[in-house]
Amino acid sequence: RKEVEQDPGPFNVPEGATVAFNCTYSNSASQSFFWYRQDCRKEPKLLMSVYSSGNEDGRFTAQLNRASQYISLLIRDSKLSDSATYLCVVDRNNAGNMLTFGGGTRLMVKP
Amino acid sequence: GAVVSQHPSRVICKSGTSVKIECRSLDFQATTMFWYRQFPKQSLMLMATSNEGSKATYEQGVEKDKFLINHASLTLSTLTVTSAHPEDSSFYICSALMGQWGTEAFFGQGTRLTVV
């Protein structure tokens, strides 16, 4: 079993739609959680950290469920520019030096 | 935000030659940098952790004699792919943490290596 698992997609959605991604992790000792966005042939960029209480940043909402060991990302009112691969990242400690990346979920937003 | 610069962005080399990739933190000091490899449609896989002034820590299955890492200063780490083979063709990305307790990883732009 992979340490961090994501549905690879692609998720094809129309502009304005709401889309949700889930990510499961196997190591219950994991401490920190993140969503990164990666555009084709580019480096990953931090989208948002995921806190236990859940957090929202504009159209993006991230949630963490420690009991079930999954993380979710909700995107509301999808834009064409949201098309990218979304990487779920888990840090086994809080020092940032034990990051494990999920395989990514590809999102395609269509006009 | 913090910037990590990686060079070159793209390189094509002949089989058997060596290629050096540089990773620089432009506006902060990075005692630790990380090197990842990403094959098409796959996730980033950590190859090694580069520690300034000491030897790199390699992940299981990564040959340290093939992937030479040097972290001679707080702003520069280099990865040298020695005796490259076509199967080494991949997207190599470095990252650095900002600050002693930073948890956000800033990534370089990546290097697309093609070995012919």
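Located above this text is the structure these notes cover.
Residues numbered from 1 in each chain as written. Chains lettered and ligands numbered in written order. Predicted model: local features only at pLDDT ≥ 70, side-chain atom pairs only at ≥ 80, totals over all residues. Heavy atoms only, no water.

A.B. asks: Which residues make up the overall build of chain B, and what are the values?
C.D. replies: Of the regular secondary structure elements, chain B holds zero helices and 11 strands. Scanning chain B from its N terminus toward the C terminus, one meets helices and strands in the order β-β-β-β-β-β-β-β-β-β-β. Expressed along its principal axes, the backbone C-alpha trace of chain B runs to roughly 40 × 25 × 20 Å. Across the 116 residues of chain B, 51% fall into the buried class. Pairs at least 24 apart in sequence give 52% of the contacts found in chain B among residues at least 6 apart. On chain B, roughly 5900 Å² of surface is accessible, and the fraction owed to carbon and sulfur atoms is 51%. Taking the average location of the 10 positive side-chain charges in chain B and that of its 9 negative ones, the two points are 7 Å from each other. (Helix = DSSP H or I, 4+ residues; strand = E, 2+ residues; numbered from the N terminus. Buried < 20%, exposed > 50% of the residue type's maximum accessible area, 1.4 Å probe, protein only. Contact = heavy atoms within 4.5 Å. Areas by Shrake-Rupley, 256 points an atom, 1.4 Å probe, with all protein chains shown as cover. Lys, Arg positive; Asp, Glu negative; His and termini not counted. Charge placed at Lys NZ, Arg CZ, Asp CG, Glu CD.)

A.B. asks: Go over the pattern of salt bridges, please, and point to the residues and values.
C.D. replies: Summed over all chains, the structure comprises six salt bridges over all chains. The partner of Asp39(A) in a salt bridge is Arg37(A), with the nearest N and O atoms 2.9 Å apart. We classify Arg37(A) as buried; its relative accessible area is 19%. The salt bridge partner of Lys66(B) is Asp88(B), with a shortest N-O separation of 2.8 Å. With Lys66(B) in the loop between β6 (57-58) and β7 (67-73) and Asp88(B) in the loop between β8 (76-81) and β9 (90-97), this pair connects stretches of sequence that are 22 residues apart. Both residues of the pair, Lys66(B) and Asp88(B), count as buried. (Salt bridge = Lys/Arg side-chain N within 4 Å of Asp/Glu carboxyl O.)

A.B. asks: Give me the lowdown on the environment of Ser28(A), citing residues and values where you can.
C.D. replies: Residue and element names in this part refer to chain A. Topologically, serine 28 is positioned in the loop between β3 (19-25) and β4 (32-38). Among the residues examined, serine 28 registers a relative accessible area of 57% and is labelled exposed. Sequence separation of serine 28 and asparagine 55 is 27 residues, and the distance between their C-alpha atoms is 21 Å.

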